Each structure stands twice: as C-alpha cells, then as structure tokens.
Amino acid sequence: MNRRKFISVSCLTGAVTLCADTLIAFGSPEAGDGYVMTVCGKLPLDKMGVTLPHEHVITDFTGAEKIKQPQYERSSSFKAMLPYLLSAKASDLNTFIDCTPAYIGRDVILLKQLSEATGVNIITNTGYYAAADQKYLPAHAYTESSEQLAARWMKEWEQGIEDTGICPGFIKLGVGSGALKPVEQKLIRAAAKVHLKSGLKIAIHTGDGAAAVAYTQLLINEGVRPDALIWVHAQNDTEGEFHTALAGKGCYVSLDGFNKDALAIYCRYIKNLQAEGLLNKVLLSHDDGFSVEKKDGDIMFNQYQNGNSTPYGSVFTILKPALLQQGVSALEFDMIVRGNPRRAFKIEVCGVG
Ligand SMILES: [Zn+2]
C-alpha cells in the first residue's frame with residue numbers, strides 16, 4: 001500500500017456559502033444528533049474535538065493471509081506507539097481515525113489499549129482494501145458474493161471485531177485507478193449494503209479521480225447518498241480536477257497526505273474549494289504511521305518515510321499558519337478539523353444497542 005495513494009469519493013448537495021450560521025449548522029458542538037463509534041464505544045459528536053481523519057498507528061504490509069497478525073508482542077507495540085499518541089494529545093488532538101484495514105495489520109486491541117492510556121479517541125474500520133494489486137485481499141473476497149461480504153462486515157458492526165467486542169466506526173475500502181475491477185465493484189456494493197443497514201460511512205482509497213467518479217456513481221446507483229462518502233487521498237487527483245465537482249455533490253474530499261513539501265499544492269486545493277464555498281467538505285490529515293518490519297528475527301516499527309519527521313502534527317504546525325496567512329479564517333480551519341470530521345463520520349442509523 002503506497003501511503004500517498006489512497007482515495008475515496010462522495011457527492012451530494014450544492015455549494016454552501018460559509019457564514020457563522022453555516023459553521024454552527026455544520027460544525028459546532030451543538031450540531032445535530034448522532035454519534036461516532038470509537039474502539040471504546042459510542043462517543044457523542046461534541047466529544048470528538050480536533051480530529052485527524054486519516055492516520056495509522058501500525059500497519060503490516062506482508063500481504064493478506066501470509067502470516068498470523070499481529071507478528072509482534074502487543075506490549076512492545078504499545079510501548080513504541082504510546083509516546084507518539086501522547087505527544088499528539090498534548091498538541092490538542094482529540095480523535096484519531098485509524099485507517100488500517102483488516103489484512104494490513106488492523107489491531108483493534110492495541111488501538112483500545114492506546115486510547116485508554118492516552119485519552120485520545122480512536123476509531124477503527126471494517127471492509128477490505130483492493131488497491132495495490134489486490135495484495136491485501138483475502139481469498140474469500142473473490143469467492144463470496146457482495147451479500148456474503150456485507151454479512152461479514154455487518155457481523156463486525158453488530159457483534160464486534162472477532163471476539164473483542166470492539167466495533168468499527170466506518171467502512172474502509174481501497175481501489176486502484178481508472179475503471180473499477182469486478183472485485184472492486186463487488187466490494188463497493190457490499191459497502192453500500194452495510195451502510196444502508198448500519199449508517200456507517202464509507203471511506204475509499206482510490207488511485208485517481210476517474211476511479212473516484214466511477215464509484216461515486218456506483219454507490220449512488222446502490223442508493224447511497226453522496227454525503228456518506230469520503231474520498232480518501234483526493235490529492236491523488238493531482239490537478240484537483242474533480243475536487244469541486246464531487247464536493248459540490250456532497251462527497252467529503254479528504255486531502256490526507258500532508259507534509260511540508262506539499263504545502264503549496266495543499267494551499268491551492270483548499271483555496272480553490274474555499275472559492276466555491278466548499279470548505280465544509282474538506283478533511284485534512286497526514287497519512288502518517290508505522291510499519292512492522294522484521295530484521296534478523298527482530299520486529300521493528302518503522303515510521304513511514306512520507307516527509308513528516310514527527311508524525312500526526314504538521315497539519316497544525318505548518319499547514320494551518322500558511323492557510324491563515326492566505327485568507328482562510330481561524331473559524332474556517334476549525335470547521336475543517338473539528339466540524340467536518342464530525343459530520344463525515346457521524347452515524348445516523350443506530351445499528352447497535
Ligand atoms: Zn493511509
């Protein structure tokens with residue numbers, strides 16, 4: 001999985017003019033009912049606070065069904081990751097959305113331990129990742145129907161992941177570039193079924209803008225509203241060709257691979273969306289994280305080499321001041337990092353008691 005190549009899409013209503021009322025309606029702690037599902041259970045929306053919508057604690061890129069995961073002793077991964085989460089918490093991060101899917105090292109017990117130890121809310125996911133030449137798809141993704149796959153993911157939602165009792169807070173898929181492959185279409189149809197029953201939102205890594213447009217239409221055909229979709233790694237649409245079109249339809253446009261070298265292009269994407277009155281559809285994150293590596297029999301956790309020397313922080317330390325200088329107001333930035341994730345991941349249908 002190339003961390004810089006994740007995408008997903010969404011499309012819904014028209015442009016919204018930003019004003020105080022809009023910020024209250026879309027971004028304030030008072031906004032609406034509903035909740036998000038964290039690894040520690042339901043969380044009221046007004047407790048989400050500052051949220052990073054696309055990060056990773058630990059990933060394992062060995063490939064689906066090749067080894068038993070996790071490969072590590074959980075106590076060592078906990079010890080390794082704790083300082084980074086504590087540091088992010090000290091920088092005002094309240095909610096961390098972990099986008100590592102099953103078969104790429106999803107470890108919900110570790111996430112819960114870290115959440116309990118740090119006070120950072122952590123949200124995990126259900127669903128399968130079909131990008132990267134389907135290296136992370138289990139064999140049954142090919143043999144089962146979309147109904148059968150949906151039943152597996154619904155079971156995680158209703159009963160918890162494996163025997164942990166920990167529920168996913170959204171559906172995470174991954175697809176490649178251009179036209180959707182048959183297996184990708186099947187996974188998307190399965191996600192639509194789960195969304196319509198559970199209310200879980202759908203976030204999809206996508207290789208390029210064309211694929212994002214394709215699956216947005218497919219999901220609409222399956223009865224999913226575009227505002228239930230999060231276009232993960234919208235920066236892979238390098239010219240931003242589809243950003244305003246899909247945000248204008250209601251999709252959340254997740255610019256989630258920020259690092260200092262991407263400053264100019266991120267500012268341009270965000271200013272373009274601001275000019276169209278679509279900042280209420282923008283999500284910002286780093287796609288930071290650590291991968292499991294085995295060397296001489298020892299397990300190590302290596303930070304992604306993605307341009308961020310310190311994980312989970314440069315959106316606030318580098319991007320925020322640049323945006324404020326370029327005419328994005330503090331209120332608008334606050335909406336992007338607090339209000340937008342709240343609406344994007346809000347669960348409106350109660351599927352669990
Ligand atoms: Zn990622």
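Above this text sits the structure in question.
If you're wondering where the values come from, they're calculated on a predicted model, not measured in any experiment.

(A) View of the overall build of the protein chain. Within the protein chain one finds eleven helices and 14 strands. Here the protein chain, with 353 residues, has 59% of them falling under the buried criterion. Here the contacts in the protein chain between residues at least 6 apart in sequence split such that 79% fall between residues at least 24 apart. Summed over its atoms, the accessible surface of the protein chain is roughly 13,500 Å², and 50% of this surface lies on carbon and sulfur atoms.

(B) Examining the side chain of asparagine 125 more closely. Along the chain, the position of asparagine 125 falls in strand E7 (residues 125-126). Among the residues examined, asparagine 125 registers a relative accessible area of 0% and is labelled buried. A distance of 3.1 Å separates the side chain of asparagine 125 from the backbone oxygen of threonine 100, its partner in a polar contact. Here asparagine 125 is in contact with Asp98, Cys99, Thr100, Pro101, Arg106, Glu156, Ile161, Pro168, Phe170 and Lys172, once residues within four sequence places are set aside.

(C) Focus on the coordination of the zinc ion. Donor atoms from the polypeptide that bind the zinc ion are His54 (NE2), His56 (NE2) and Asp287 (OD), placed at 2.0 to 2.2 Å. One chain supplies every donor to the zinc ion, and in sequence these donors are spaced H-x1-H-x230-D. Here aspartate 287 lies in the loop between strand E12 (282-284) and strand E13 (290-295) and histidine 54 lies in strand E3 (residues 51-55), a separation of 233 residues in the sequence. A residue is classified by how much of its surface remains accessible, and histidine 54, at 0% relative accessible area, is buried.

(D) Quick peek at helix H6 (residues 182-198). Taking 1.5 Å of rise per residue, 17 residues should cover 24 Å, and H6 covers 24 Å from first to last C-alpha, within 8% of that figure. Residues of H6 that are buried: Val183, Glu184, Lys186, Leu187, Ile188, Ala190, Ala191, Ala192, Val194, His195 and Ser198. Elements that come into contact with the buried residues of H6 comprise helix H4 (140-143), helix H5 (146-159), strand E8 (170-174), strand E9 (202-205) and helix H7 (209-221). Positive phi appears at glycine 199, one or two residues downstream of H6, with a value of about 90°.

(E) Region of interest: the packing of aromatic side chains. For the coordinates displayed, the defined rule picks out twelve aromatic pairs. Relative to tyrosine 312, the ring of phenylalanine 96 has its centre 5.0 Å away and its plane inclined at 80°; by these criteria the two rings are edge-to-face. Of this pair, phenylalanine 96 sits in strand E5 (residues 95-98) while tyrosine 312 sits in the loop between strand E14 (298-303) and helix H10 (314-325), placing them 216 residues apart in sequence. By the burial criterion, phenylalanine 96 is buried, and tyrosine 312 matches it. Above the ring of tyrosine 35, the side-chain terminus of lysine 42 is found at 4.9 Å from the ring centroid. Above the ring of tyrosine 252, the side-chain terminus of lysine 281 is found at 4.0 Å from the ring centroid.

(F) Broad picture of empty space enclosed by the protein. Taken as a whole, this structure holds two cavities of 30 Å³ or more when the rule is applied. In this structure, the largest cavity encloses a volume near 50 Å³. Partitioned by chemical class, the residues of the lining of the largest cavity number four nonpolar, two polar and three charged. By volume, the second largest cavity amounts to about 40 Å³. The wall of the second largest cavity is formed by Val50, Ala88, Ser91, Asp92, Leu93, Tyr312 and Phe316. Looking at the lining of the second largest cavity, its residues break down into five nonpolar, one polar and one charged.

Definitions and cut-offs
Residues numbered from 1 in each chain as written. Predicted model: local features only at pLDDT ≥ 70, side-chain atom pairs only at ≥ 80, totals over all residues. Heavy atoms only, no water. Helix = DSSP H or I, 4+ residues; strand = E, 2+ residues; numbered from the N terminus. Buried < 20%, exposed > 50% of the residue type's maximum accessible area, 1.4 Å probe, protein only. Contact = heavy atoms within 4.5 Å. Areas by Shrake-Rupley, 256 points an atom, 1.4 Å probe, with all protein chains shown as cover. Polar contact = N/O pair within 3.5 Å; in protein donor to acceptor, adjacent residues only side chain to side chain. Donors = N, O, S within 2.8 Å, 3.2 Å for Na, K, Ca; no water. Expected span 1.5 Å × (residues − 1). Phe/Tyr/Trp six-rings, centres within 6.5 Å; stacked < 30°, edge-to-face > 60°. Lys NZ or Arg CZ within 6 Å of the ring centre and 35° of its normal. 1 Å grid on protein atoms, 1.4 Å probe; cavity = no way out; pocket = protein on both sides within 12 Å on 5 of 7 lines; lining within 4 Å. Points joined across faces, edges and corners; volume = space filled by probe spheres on them. Nonpolar A, V, L, I, M, F, W, Y, C, P; charged D, E, K, R; others polar.

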